Structures are given as structure tokens and as C-alpha cells.
Amino acid sequence: MTQSEPPVKEAEATPPQWPVLLVMLVGSGIGLIALLLVLIAIGSLHRLAAATQSGRATDVPQLEQHISGTFLGCQDKRTAEHLSTRTPSAHSALEREAEAALASKACTRFRAGDPVYLDSVPLLRGQVQLHRKNSKTKWWTDSEAIRP
């Protein structure tokens, strides 16, 4: 006589216990929060990149700066660079050009202590772009014009 093996019972699926469900729920919540933070970071980087391409971050408050002396600012960067290169031999010719630019309103004169707001700043030295309070007109001038 062969021994017959007892029939194999299928394992009954036991419902998960409350602690297990709680851990799963908390883990899912943490995962969703992490995903939300990643999406917020990506959105912030995208806005920052878009603002950098436009030349100025519109949602970033700007700090008031002050002019350190008397400087000429021009709407055209090349004109500002040209008029800021003062050599003793070309001094009078550049002065006449500067006066003509001031008369035509293509340039303006900044005086010591004038409050301004920076729009574009060079990595080292060079020209900075700035504007006066409550004005949309942007001017280029020497970076040395801004007080440290």
C-alpha cells in the first residue's frame, strides 16, 4: 500500500496588519512629497534660466546700489565703452563726444550717491547695466561706478 500524501492546502492570504498598512501609507506620502519637491526645484531652475536669458530676474527683488563718483552712462554699451576709454591725448575729443551724447539724451551723467539698481553685472571688470528708481531706461557705465 502506498502512502498517500496529505493534500496540500493553499496558503490563505492573510490581510495586512495595520502597522504594515501604516508604513506603506507613510512611505507613499514621503515619496509624493519628494516628487513634489523635485518638480518645484525643476520649475524654479526653469524660471531662473528664462530670467537669465531675458537679462533680469523679474521676481527677484533688487537691492539699491549707489554711484561712487561722477560717471557717464549710455544706453548703448559700445558708446559707453568708447567714452570711458580716456587717454590724455584723446581727452578733449572724448569730452566733446560725451557732451554731444548728453545733449542728445543718448547718455546721462550719474553723480556720487545716486541710487541705482543693477540689471547686468560682469564677472570681473567692465561695463554694468543699471537703471534709476522708477525708470525703465537702462544705462551702461563702468563697473567702478558702483560703491563696494
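Structure: see above.
Residues numbered from 1 in each chain as written. Predicted model: local features only at pLDDT ≥ 70, side-chain atom pairs only at ≥ 80, totals over all residues. Heavy atoms only, no water.

Points about the overall build of the protein
Thinking step 1. Scanning the protein for helices and strands turns up three helices and six strands.
Thinking step 2. In the protein, the order of α-helices and β-strands from amino to carboxyl end is α-β-β-α-α-β-β-β-β.
Thinking step 3. Out of the 148 residues in the protein, the part that is buried amounts to 21%.
Thinking step 4. Here the contacts in the protein between residues at least 6 apart in sequence split such that 57% fall between residues at least 24 apart. (Helix = DSSP H or I, 4+ residues; strand = E, 2+ residues; numbered from the N terminus. Buried < 20%, exposed > 50% of the residue type's maximum accessible area, 1.4 Å probe, protein only. Contact = heavy atoms within 4.5 Å.)

Overview of the state of the cysteines
Thinking step 1. Counting across every chain of the model gives one disulfide.
Thinking step 2. Linked covalently through their sulfurs, Cys-74 and Cys-107 form a disulfide whose S-S length is 2.0 Å. Note on the Cys-74 and Cys-107 pair: the S-S dihedral is about 100°, so by sign convention the disulfide is right-handed. Of this pair, Cys-74 sits in strand 2 (residues 71-74) while Cys-107 sits in strand 3 (residues 107-110), placing them 33 residues apart in sequence. Exposure class is identical for Cys-74 and Cys-107. Each is buried. (Disulfide = S-S within 2.5 Å.)

Some details on the side chain of Gln-127
Thinking step 1. Here Gln-127 lies in strand 5 (residues 127-132).
Thinking step 2. Engagement of the side chain of Gln-127 in a polar contact is seen with the backbone nitrogen of Thr-141, the distance being 3.5 Å.
Thinking step 3. A polar contact of 3.0 Å, which involves the side chain of Gln-127, links it to the side chain of Asp-142.
Thinking step 4. Ignoring sequence-local partners within four residues, the contact set of Gln-127 consists of Lys-77, Ala-80, Glu-81, Ser-84, Pro-122, Trp-140, Thr-141, Asp-142 and Ser-143. (Polar contact = N/O pair within 3.5 Å; in protein donor to acceptor, adjacent residues only side chain to side chain.)

Let's talk about the nonpolar core
Thinking step 1. Listed in full, the 10 residues of the largest apolar core are Leu-72, Cys-74, Ala-80, Leu-83, Leu-94, Ala-98, Ala-101, Leu-102, Cys-107 and Trp-140.
Thinking step 2. Examining the composition of this core, we find that four residues originate from one element, helix 3 (residues 91-103), more than from any other.
Thinking step 3. If you look at the next biggest cluster of nonpolar residues, it comprises nine residues, including Phe-110, Val-128, Ala-145 and Ile-146. (Core = buried A, V, L, I, M, F, W, Y, C linked by side-chain atoms within 4.5 Å.)

Side note on the pattern of salt bridges
Thinking step 1. As enumerated under the stated definition, the model contains one salt bridge in all.
Thinking step 2. Across the pair Glu-99 and Arg-109 runs a salt bridge whose closest N-O atoms are separated by 3.3 Å. On the criterion of sequence distance, the pair formed by Glu-99 in helix 3 and Arg-109 in strand 3 is long-range, its members being 10 residues apart. (Salt bridge = Lys/Arg side-chain N within 4 Å of Asp/Glu carboxyl O.)

Thoughts on a nonpolar patch on the surface
Thinking step 1. Among the surface-exposed residues, Leu-32, Leu-35, Val-38, Leu-39 and Ile-42 lie close enough to one another that they form a single nonpolar patch of about 500 Å² accessible area.
Thinking step 2. Within the fold, Leu-39 resides in helix 1 (residues 18-54). (Patch = residues over 30% accessible without salt bridge, like charges linked within 9 Å, V, L, I, M, F, W, Y side chains within 5 Å. Areas by Shrake-Rupley, 256 points an atom, 1.4 Å probe, with all protein chains shown as cover.)

A word on unusual backbone geometry
Thinking step 1. Even without a glycine there, the phi angle at Lys-105 is positive, about 70°.
Thinking step 2. Within the fold, Lys-105 resides in the loop between helix 3 and strand 3.
Thinking step 3. A positive phi angle, close to 60°, is found at Asn-134, a residue other than glycine.
Thinking step 4. Among the structural elements, Asn-134 can be located in the loop between strand 5 and strand 6 (138-142).
Thinking step 5. Among the residues examined, Asn-134 registers a relative accessible area of 79% and is labelled exposed.

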